[in-house]
Amino acid sequence: MKRIFALLLLVATATVFSQRAENKAPVTISGKIIEEGTNIPLEYATVAFIDQNNSIVTGGITDIDGNYAIEVAPGVYTVQFEFISYKTKQLPNQRLFQDTTLPTMTLAIDAASLDEVVIQAETTEVQVRLDKKIYNIGKDLTTSGATVSDALNNVPSVNVDVEGAISLRGNENVRILINGKPSAIAGFGSTDALRQLPAESIERVEVITSPSARYDAEGTAGIINIILRKEKTLGLNGSVQTNIGIPISSGVTGNINLRTDKFNIFNTTGFRYSDAPGNAYFENIYFSDTRENPLVIEDRDYDRLRKGFNTNLGIEYFLSDNSSITATGFLRTGDNEDVTTNITNEFNRSNALAISRTRIETETEEDESYQFSLNYVNNFSEDGHKLTADLQYENDTETETSFIEERNTFPSTQELSAEDITTIEDQQEYLAQIDYVLPIGENAQFEAGYRGNFEETVTDYLLLEEVGTSGNFIRNDSLSNIFTYNENVHALYSQYGNKFGKFSFLLGLRMENTQLKGKVDAENVDNPNNSDLNINFDKNYTGLFPTVNLIYELGESENITLGYNRRINRPRSWFINPFPSRSSEANVFQGNPNLDPAYASAFDLGYLKRWGKFTLTSSIYYQYETDSFERIQEDTGELTPNGIPIIRTIPINLSTNTRYGFEAGALYNPLKWLRLNGSFNFFKFITEGAFNGIDYGAENTSWFARGSAKVTLPGKVDWQTNAFYRGPSNNAQTETEGLLSVDLALSKDIINDNATLGFNVSDLFNTRRRQSLTETETFRSYSEFQWRQRQFTFSFTYRFNEQKKRQRGRDGNGGDDDFDFEG
C-alpha cells in the first residue's frame, strides 16, 4: 500500500511540475561555437533543440562572433551543433528550465565533406547586415593575375571606368577604406594605387550604401571597405603566384603566415611590371565666325611603363585570451614612365588640312608610400563587450617630371618651344581612433567612439619654358607655385541597437568638425588663367550626421531592410588647387578653391530572399544632394601660343542633385558543375543649377548590368565568363555612349590541388573604351578614350600548408564588429 501511495505521489508531483513548466515563459539558452585548434568563432553555425520524440522544436544560428541566444520552452532537450564541412556535436539530456549558458562548443573539420564545400568556396557569397552587404570574393578566375581595381569591377553595385575611377551605383563620390580605415594602401586622393596591388590580397569587399554612425560621413555614395587577407590557421602556411601577360606584363605575389598560440606573423609581398598601351581621340569644332581653322582633331597614343613593389608585414601578439595588440607596416614603391604622343591636325573652313603638329610628353613618376599602424583589442567578455584603439601614420611622396616637346609638321617643319614640368607632392596623414562596445541585456548594444584625421598635402609645381628653340629654359613665375592643403577632421559618434523578435534596429548620430586650409607660395599668383578664385582660404564647419538602419525578418531566409543616413563630400586637394594642368595646351583642368562641401540625405529599402540554391537581393534607393560637384567646360577666351582656343574644365558647386534607382542581384548554383550570378542597376540623376549665366540642368537615366557563369568541365577544368555592360549616360554638357566588356578565364588544379594553372583574357572583344560628346554654345567636342587594350594573362599559383577548399564565414581580420543580423 505504501508503494502504491508513493507511486501516486510521484505521478502527481510530475504532473504538477509538468503543468508549471508548460505555463512558464520561454527560457533563453546562450553559448558560443568555435573552430577546434584555432578558436576562431564560427559564424552561421546552427543550433537545434531536439525533444524526447526526436523532433526539432526550435533552433537558431550564431552571429559574427560565434555567439547564439535562443528562446525555447522549458524542458529536457538534446542540443545539436552543426556547421558545413565540420563534424556535428550533441549535448544530450540537457535540463533547461531556466536561462542557461551552455559550455563553449568546439567543432572539428570533417575531411570527408571537404569536396562538397568546394562549390561554396569558389563562388561569390553575399551576407546582409544592418548597415552593409558583404561580398566574399571566393575564387574568381578572372582576377587571377589582376589587380584590386579589376576585382572591384566584379562586385555588384560597383563600377570601375576606363580611367580607373570607382563609382557606387553610378556615383563617384565614394569613400575607399582598407580594413575599416583610410589607408595609404588605397592611395592618397586617387585610386591609382589599387591598380598596383594584387587581387589575391583581398579577403572580402564590404559595400556600405547605408553606413552606420561608426563610419566616416565622407562619401555621398557610401563606402567600399576592402578587407585584406590574414590567415588564422595555426602553423606555417602561404602561397606564391606568378603571372605573365600580353601586352607585356608580369608579376609575382607571395603570402606567408606563421601562427602560434601567442602570436601571428603575416606578410604579403608583390612585384608588378607592365607596358600597357592606350589611346585617345578628340575632335573639337569651334563655332566662332572669325576662326580660320574651326576643326581641330587630336590623336593620342599612350605607352605606359609600370614597375611597382608592395609589401605588408604585421605581427599580432595575444596579450591574453581576450586581448591582443597588432603592429603593421606597409610599403609601396612605383617607378613609372609614360610617353604620350599627341598629333593635332587643324582644318580650315573647306575641310582642308591647314596645320599639323606633334606634341610628345615624356612623364616619369616615382612614388613611395609607407604606413605604420598599431591596433589594440580588449574583449572584456564573450558577449561582445570590447574596447579597440588604433594609431596610424602614413606618408606618400610622388615626384613627377614631364618634358613636353612640340613641332609643326605641316605645312612646314618647325620646332616649337618645349616645356619642362616638375611636380613634387608630399602627403602626411595621422589617424587616432578609439571605439567602445557595451552589450545591454540579451539583444541590445551601445557603442561610442572618436576618430581624428589630420592630413597635409604639399604640392610643389615648377614650370620651365624654353626660350624659342634655344635649349635655354626660364621659370614661369605665373604658374610655378607651392600649394599647401590641410584637412583636419574630428569626429564623435554613438549608436544604439536592439532586437525585438523579428525586428532589429540600429540608431546613430555622428558629429564631425572639419577644417580646410589652403595656402599658395609663388612669385606671381595674381588671377591664374583669368579666374576669380580665392587662392588662400581657411574654412571651418561642423555637421551632424544621423543614421537609421532597420531590418525585419520575414522568415529564416527572408528579410526587409530600411536605411537612412546623411553624408558629406569634401573637395579633395586636386579639386581645390587653382593652378591648371598642362598635359594638353588646349584642354586644361583647373581646381576651384571656392568649392564648399556637398551634403546628401539618402534612403535605401532592401529585400533579400533565399530559396535553396538561389539567392536574390534587391533594393530601391533615393538621394538628395545639395551643393553637389560638377565638372563644367568653358572657353576661357585665351589662345595657346599656336592660336588654339583654350578650353578649361573646372569643378563647381552646381546646386542640387537628385538620384534614385533600383538594383537587384542573383546567385544561383543549380548544379555542382555550374554556378551563375548576375546583377542589374538602374538609376536616374536630375541636376539643377546654373553657372556664369548658363543653365547646366540635366537629367541622366542610365543602367549597368553584369553576369558571370562558371562551369566545371571534364578533367576538373574550370571555365568562367564575365560580362559587363554600362548603358548610355549624360551630365549637364556631355553624353556618353554605352560600353560592353567581356572577360574569359580557364583554371586547372594540379599537384594534388596544391597548385593552379590559370589563363584569362580581359576585355575579350577589345571594346572597353569611353565615347562621349560635349556641346556648348561655342564648341562641340567628341572624344574616345581607351585606357588599356585587350590583355592575355597566364598565371601559376602554388600553396603550401593551405587548405584551399575551406571557407569560413568570418576571418576576424581588420573589419569592424557589428550589431547585425545576417540574412
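Model, not experiment: these values are computed from the prediction.

> Explain the nonpolar core to me, and be specific about the residues and the numbers.
Membership of the largest hydrophobic core comes to 20 residues, with the highest contact counts inside it found for Ile33, Val47, Phe49, Val79, Phe81 and Leu102. Counting residues per element, the ones that place at least two in this core are strand S1 (27-35), strand S2 (46-50), strand S4 (67-72), strand S5 (75-82), strand S6 (89-96) and strand S8 (105-107). Not counting residues within four places of it along the chain, the set of residues in contact with Leu102 comprises Ile29, Ser30, Gly31, Tyr68, Val79, Phe81, Leu91, Gln94 and Leu96. Grouped together as the second largest cluster of nonpolar side chains are 19 residues, Ala151, Leu168, Ile202 and Val207 included.

> Quick rundown of the pattern of salt bridges? Include the residues and the values.
All told, the structure shown has 22 salt bridges when counted by the stated rule. For the salt bridge of Asp396 with Arg332, the shortest nitrogen-to-oxygen distance reads 3.7 Å. Residue Asp396 is located in strand S22 (residues 386-410), and its partner Arg332 is located in strand S20 (residues 323-347); the two are separated by 64 residues in the primary sequence. As far as the burial class goes, Asp396 and Arg332 line up, both buried. The shortest N-O distance in the salt bridge between Glu415 and Arg407 comes to 3.0 Å. The network of salt bridges with common partners includes Arg175, Asp216, Glu218, Arg451, Arg510, Glu512 and Arg570.

> Which residues make up the packing of aromatic side chains, and what values do they have?
By the definition in use, this model includes 23 aromatic pairs. Look at Tyr302 and Phe785: their rings are 5.8 Å apart centre to centre, the planes differ by 75°, and that puts the pair in the edge-to-face class. Within this pair, whereas Tyr302 is found in strand S19 (residues 295-318), its partner Phe785 is found in strand S46 (residues 779-786), the two being separated by 483 residues in sequence. Here Tyr302 matches Phe785 in class, with each residue buried. Put simply, the rings of Tyr370, Phe372, Tyr393 and Tyr430 touch in pairs and so form one group of aromatic residues. We note Lys539 situated over the ring of Phe537; from NZ or CZ to the ring centre the distance is 5.8 Å. Against the face of Phe685 rests Arg659, its NZ or CZ located 4.0 Å from the ring centre.

> Lay out the side chain of Gln427 in plain terms, naming residues and giving numbers.
When you line up the elements, Gln427 lands in strand S23 (residues 414-440). Reaching out from Gln427, the side chain makes a polar contact with the side chain of Glu455 at a distance of 2.6 Å.

> Please provide a residue-by-residue account of the environment of Phe271, values included.
In this structure, Phe271 sits in strand S18 (residues 263-286). According to the relative accessible area criterion, Phe271 is partly exposed, its value standing at 37%. The sequence separation of Phe271 and Gly254 amounts to 17 residues, and the corresponding C-alpha distance is 9.3 Å. Excluding anything up to four places from it in sequence, Phe271 contacts Ser250, Gly251, Val252, Gly308 and Phe309.

> How would you sum up a nonpolar patch on the surface? Please name residues and give values.
Where nonpolar side chains cluster on the molecular surface, the patch consists of Phe500, Phe503, Tyr552, Leu554, Ile560, Leu562, Leu605, Ile620, Phe662, Phe680, Phe682 and Trp703 and spans about 1000 Å² of accessible area. For the nonpolar patch, the elements supplying multiple residues, two or more each, are strand S28 (537-555), strand S29 (558-569) and strand S36 (674-688). Residue classification places Tyr552 among the partly exposed positions, given a relative accessible area of 40%.

> Which residues make up the confidence of the model for the chain, and what values go with them?
Of all residues in the chain, 83% have pLDDT values of 70 or greater, and the mean over the chain is 81. Within the chain, no element has a lower average pLDDT than helix H2 (residues 114-121), which sits at 32, and none a higher one than strand S26 (residues 481-500), at 93. Note that pLDDT drops below 50 for residues 1-23; the model gives that stretch two contacts with residues more than four away or on any other chain. Segment residues 111-124: pLDDT under 50, and 32 contacts once partners within four positions in sequence are set aside and those in other chains are kept.

> Could you give me a rundown of unusual backbone geometry, with the residues and numbers involved?
In this structure, Pro247 follows Ile246 across a cis peptide bond, with omega equal to -5°. Examined against the element boundaries, Pro247 turns out to sit in the loop between strand S16 (235-246) and strand S17 (249-259). For the bond running from Phe410 to Pro411, omega is 5°, close enough to zero to count as cis. Tracing the chain through its elements places Pro411 in the loop between S22 and S23. The backbone phi angle of Asn93 is positive, close to 50°, even though this residue is not glycine.

> With reference to specific residues and values, describe the side chain of Asn657.
Residue placement: Asn657 occurs in strand S35 (residues 656-671). In contact with Asn657, not counting residues within four places along its chain, are Gln623, Tyr624, Glu625, Ser628, Phe685, Ile686 and Thr687.

> Outline the environment of Val761, listing residues and values.
Examined against the element boundaries, Val761 turns out to sit in strand S44 (residues 755-762). Here Val761 falls in the buried class, since its relative accessible area comes to 4%. Residues Val761 and Gln791, spaced 30 residues apart in sequence, show a C-alpha to C-alpha distance of 5.6 Å. Filtering out sequence-adjacent residues up to four positions away, Val761 remains in contact with Val742, Asp743, Leu744, Arg790, Gln791 and Phe792.

> Break down the sheet that holds strand S30 (residues 587-589) for me, citing the residues and quoting the values.
Pairing is mixed in the open sheet, where three strands are placed in the order S30-S34-S33. At either end of the open sheet lies a strand with only one pairing partner, and these are S30 and strand S33 (629-639). On average, each strand axis in the sheet is inclined to that of its neighbour by 30°, with strand direction left out of account. Sheet topology note: the S33/strand S34 (residues 645-653) ladder contains eight bridges and is antiparallel. Counterpart to Ile632 in the pairing with S34 is Ile650.

The rules behind each value
Residues numbered from 1 in each chain as written. Predicted model: local features only at pLDDT ≥ 70, side-chain atom pairs only at ≥ 80, totals over all residues. Heavy atoms only, no water. Core = buried A, V, L, I, M, F, W, Y, C linked by side-chain atoms within 4.5 Å. Buried < 20%, exposed > 50% of the residue type's maximum accessible area, 1.4 Å probe, protein only. Helix = DSSP H or I, 4+ residues; strand = E, 2+ residues; numbered from the N terminus. Contact = heavy atoms within 4.5 Å. Salt bridge = Lys/Arg side-chain N within 4 Å of Asp/Glu carboxyl O. Phe/Tyr/Trp six-rings, centres within 6.5 Å; stacked < 30°, edge-to-face > 60°. Lys NZ or Arg CZ within 6 Å of the ring centre and 35° of its normal. Polar contact = N/O pair within 3.5 Å; in protein donor to acceptor, adjacent residues only side chain to side chain. Patch = residues over 30% accessible without salt bridge, like charges linked within 9 Å, V, L, I, M, F, W, Y side chains within 5 Å. Areas by Shrake-Rupley, 256 points an atom, 1.4 Å probe, with all protein chains shown as cover. pLDDT = per-residue confidence, 0-100. Pairing = 2+ DSSP bridges. Axes fitted to C-alpha atoms, helices over the stretch in contact; angles between N-to-C directions.

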